[in-house]
Amino acid sequence: MEQQDFNPNIGTVVALQEGLRRILAPNPSPMTFRGTNTYLLGHREIAVIDPGPASYAHLDAILAACGHDQTITQILVTHSHVDHSPLAALLSKETSAPILAFGPSNAGQSAAMKACLASGMASGGEGIDVDFQPDVLILDQSQIQAGDQRIKAHHTPGHMGNHMCFAWDDVVFCGDLVMGWASSLVSPPDGDLTDFMISCEKLKALRPRIMHAGHGAPITNPVERIEWLIAHRKSRETQILAALSEDASTARALAEAIYTETPAALISAATRNVFAHLIDLEGRKLVSRDGIPNENARFSLVGN
């Protein structure tokens, strides 16, 4: 299926394969595409992956999808952006199922992102679920009994510090780390590009047959898609370095120079993306920064 053809009915249960179903949440937007994908894994005991935004309609759809002989036994959350995690608390209250995740919204933050926060930089992008608190903390490489199935958890920071992917045999639930409909958002101080690139390589090494993302259609060419995403980021890095070879600049000015076909309303998101690259380049000692770590800092090529 082409990603743009992906347009299932909100709240309708779709069978993806034996033991796996999907329900689309009612939160379409430019950031979430058609809405958040919630996954139901298992037969009699059900694990819910990414319950989604705080929507009572979506809560009802999840509960209705479980027949009289099915019980929700776990709630797994890939990360705590407001389009993925807020419904977890309501669903847990209704079902008594524990919430499993890497940690609260500040878990897994890199030192560079902590420095951005300390400088006063506000969160951007999709919004943070500041109240998110899992019942059970799961570590990288943890083996989890998810419903009546077994999965392996992989800590994959980058899009967000507490982001996890869940591998079920040759299927991976990849959250927002990789999506088929758009390049993934990496927006400091929530997202760290250095971590993101490492996590992409880690996910690629799993060699999944198929990936189910937080938004959009199933990704049926996972390795090819991850390789494209890595190449896309490297191409953007090349553009930024070329622009800095002319003169020192800020993330905003670089975004306006590079994203020439981007609507004005999206330039702020593009600026965060460029800033993520600049912080990564600074960490690799390819650029230097004048000013506190935010979008207004001026960056120069090292040696210029």
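Residues numbered from 1 in each chain as written. Predicted model: local features only at pLDDT ≥ 70, side-chain atom pairs only at ≥ 80, totals over all residues. Heavy atoms only, no water.

Quick look at the packing of aromatic side chains
Within the structure shown, the criterion is met by three aromatic pairs. Between the aromatic rings of Phe33 and Trp181, the centroid separation amounts to 4.6 Å while the plane-to-plane angle is 5°, which identifies the pairing as stacked. Of this pair, Phe33 sits in the loop between strand S2 (20-24) and strand S3 (37-41) while Trp181 sits in the loop between strand S11 (171-175) and helix H4 (193-205); the two residues are 148 residues apart in sequence, bridging distant segments of the chain. Comparing Phe33 with Trp181, the two get one shared label, buried. One Lys or Arg, Arg233, reaches over the ring of Phe196 and ends 5.4 Å from the middle of that ring. Taking the ring centre of Tyr259 as reference, the NZ or CZ of Arg236 above it sits at 4.2 Å. (Phe/Tyr/Trp six-rings, centres within 6.5 Å; stacked < 30°, edge-to-face > 60°. Helix = DSSP H or I, 4+ residues; strand = E, 2+ residues; numbered from the N terminus. Buried < 20%, exposed > 50% of the residue type's maximum accessible area, 1.4 Å probe, protein only. Lys NZ or Arg CZ within 6 Å of the ring centre and 35° of its normal.)

Side note on the pairing of strand S9 (residues 149-155)
Counting buried positions over the seven residues of S9 gives five, a clear majority of the element. As paired strands, strand S8 (residues 143-146) and S9 are joined by four bridges and run antiparallel to one another. Looking at S9, one finds that Gln145 is bridged to Arg150. What sits between S8 and S9 in their antiparallel hairpin is a turn of two residues, with Gly147 showing a positive phi close to 60°. (Pairing = 2+ DSSP bridges.)

Some words on the nonpolar core
A general tendency of soluble globular proteins is for nonpolar side chains to be buried together. Core analysis: the largest hydrophobic core is formed by 25 residues, its most contacted members being Val172, Cys174, Val178, Phe196, Leu203, Met211 and Ile226. Among the elements that make up this core, the one with the highest residue count is H4 (five residues). Of all hydrophobic cores here, the second largest spans 21 residues; its members include Met113, Ile258, Ile279 and Phe299. (Core = buried A, V, L, I, M, F, W, Y, C linked by side-chain atoms within 4.5 Å.)

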